[in-house]
Amino acid sequence: MRKGPPAPHPAPRSSAGGVHSAVRDWGDALVTVLAALCAMGVVAALGLWAAGAADLPGGAFPRVVAAVVLIAAGGSVDVSGQAGGLAGTDAELTLMPLSVTLAGALPAGWTFLRPLRHRAVAGTGELLARFARTAVLWLAGLAALTALARHTFSIVPPDSPVDIIGGLLGATPTVGFRAAVVPTLLFGLAWLLGVLAMALLVSRRAPLPARLLRYQEPVRPAAFAMLLLLLAYVAIGLVVGLVVAATKGHAAETFAVILLGLPNVVWLALGLGIGASWEGRVEGPFGLPMPQVLDAALRGSENTTLDVAALAQHDGRAWWLVPVAAVLLLAAAFAMAVRSPAGTRLWQYALHLGVAFALTMLAVAPVTRVVARLGLSILGIVEIDDLGGQVALHPRLWSAVGLALLWGLVAGPLGALLASRVRRRGEVPTEPGPPPAA
């Protein structure tokens, strides 16, 4: 029997091509990490500069910037106080500067997805490898920032009577901060993975593994609608803040709020607009940068329930939060319906938006939490009120989640009805047929 020609051997894989591919992949991960950290650092530095932190003594400004970036990325910074053997200090700070968080999340998601933009499907292993490379470099960046984020401040003015007496007695009150390495790395890693996962969810064209393609139709339009809703609130808040800075004075303080905590305020407004409530109080000579109406509603020695009615007692315009929430949520429902495939039923629109909005409030409400406390006492007995105070704000989480679910169940079908005349994916336009025969 005559044998045919031998089968050709597969061409060996070029080692140069493999090295080039690996370098490109690590370069993509490095671009994602640098884009996020640089954006966060610039926004944090500008916000702190507007707040007056550039004048901090002892070269503290870059250390404070590093601490703010770590907190914005989900990290933890421990605040501690000392005042020698005759006095005691008590300090605590829990606050996430969401402007800095958002400034890092948006470029991180965009740069992570950009190399995949021309792909229809991506393997699970490939996506996990991209996540892993980005996570390794991200942890390295956070570790470098934790080494920088530490400093100690005196909490009394130089040459003041308290400073002079404290120096004589060895009890000058100070407050310091120090990044907690392990919690910062763990929560910072969770923050990054959450941001990249959300980027995959909201993008219409980002490739997914083949086994997940069937889930993109119900998930991606609703996720995109929620991102659109949150960014719409930020955009409106930015316009309002710029108008206030231009017309009401105190421009530096207003820009500090915009650059550090704008989403903290506007996403709180979203929750209040749907009927959710927070509990808190502002007590003492200091407070966090926030609109005056919030400070007025929360100031007192007892916890106060913060809702639209409580705000309206200090400013009647607070009632506008309700129709604004209704209109913007309806617009988000419209956007979801336009992106959804033809043939989606009304009850599915209701379910998709209801669940998406509930999950959004479950994620957003906790990060609006604020706890700031500073106390100074002599011998543990006499409290010095002029050097102490506290700010606290806690969401009533599950009521906010339940209200978001109800609003989404109503707004989803309404948005679909508004979008009924808009052509959607998978819908075949109806062509006019031939005239009937005579």
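Shown above is the structure to which this text applies.
Read on for an overview of the structure. All of these numbers come straight from a predicted model, not from anything done at the bench. (Residues numbered from 1 in each chain as written. Predicted model: local features only at pLDDT ≥ 70, side-chain atom pairs only at ≥ 80, totals over all residues. Heavy atoms only, no water.)

Regarding the overall build of the protein
Stated formally: Starting at the N terminus, helices and strands are each numbered in turn, a helix being any DSSP run of H or I of at least four residues and a strand any DSSP run of E of at least two. Residue burial considers only the protein chains on display, and all accessible areas are found by Shrake-Rupley using a 1.4 Å probe.
A count of helical and extended segments in the protein gives 13 helices and nine strands. Surface accessibility of the protein: about 23,200 Å² in total, with carbon and sulfur atoms responsible for 68%.

Overview of the pattern of salt bridges
Which entries qualify depends on this criterion: Whenever Lys or Arg places a side-chain nitrogen within 4 Å of a carboxyl oxygen from Asp or Glu, that contact is recorded as a salt bridge. Three exposure classes are used, based on accessible area relative to the maximum for each residue type with a 1.4 Å probe and protein chains only: buried under 20%, partly exposed in between, and exposed over 50%.
Applying the stated criterion to the full structure yields six salt bridges. One salt bridge connects Arg130 with Asp25, and the closest N-O pair in it is separated by 3.9 Å. Here Asp25 lies in helix H1 (residues 15-50) and Arg130 lies in helix H4 (residues 124-148), a separation of 105 residues in the sequence. By relative accessible area, Asp25 is classed as buried at 15%. In the salt-bridge network here, residues are joined through shared partners; they are Asp25, Asp28, Glu126, Arg130 and Arg133.

Focus: the packing of aromatic side chains
The line we're drawing: Any two of the Phe, Tyr and Trp rings considered here, Trp counted by its six-membered ring, make a pair once their centres fall within 6.5 Å; the pair's planes then place it as stacked at under 30 degrees, edge-to-face at over 60, or tilted in between. Two limits define a charge over a ring: the Lys NZ or Arg CZ must be within 6 Å of the ring centre, and within 35 degrees of the ring normal.
All chains considered together, the criterion is met by two aromatic pairs. Summarising the aromatic geometry, the rings of Phe112 and Phe131 are spaced 5.2 Å apart at their centres and angled 45° between planes, so their arrangement reads as tilted. One end of the pair, Phe112, is in helix H3 (residues 98-113); the other, Phe131, is in helix H4, and 19 residues separate them in sequence. Ring centres of Trp138 and Trp191 lie 5.3 Å apart, and the angle between their planes is 15°; on these two criteria the pair is classed as stacked. Taken together, the positions of Trp138 in helix H4 and Trp191 in helix H6 (residues 181-202) put the pair 53 residues apart, joining distant regions of the chain. A relative accessible area of 0% places Trp138 in the buried class. Sitting over the ring of Phe224, Arg339 keeps its end group 3.6 Å from the ring centre.

Focus: the environment of Phe255
By the secondary structure assignment, Phe255 is in helix H8 (residues 251-273). The class of Phe255 is partly exposed, set by a relative accessible area of 33%. A sequence separation of 17 residues divides Phe255 from Leu238, and the C-alpha atoms of the two residues are 9.6 Å apart.

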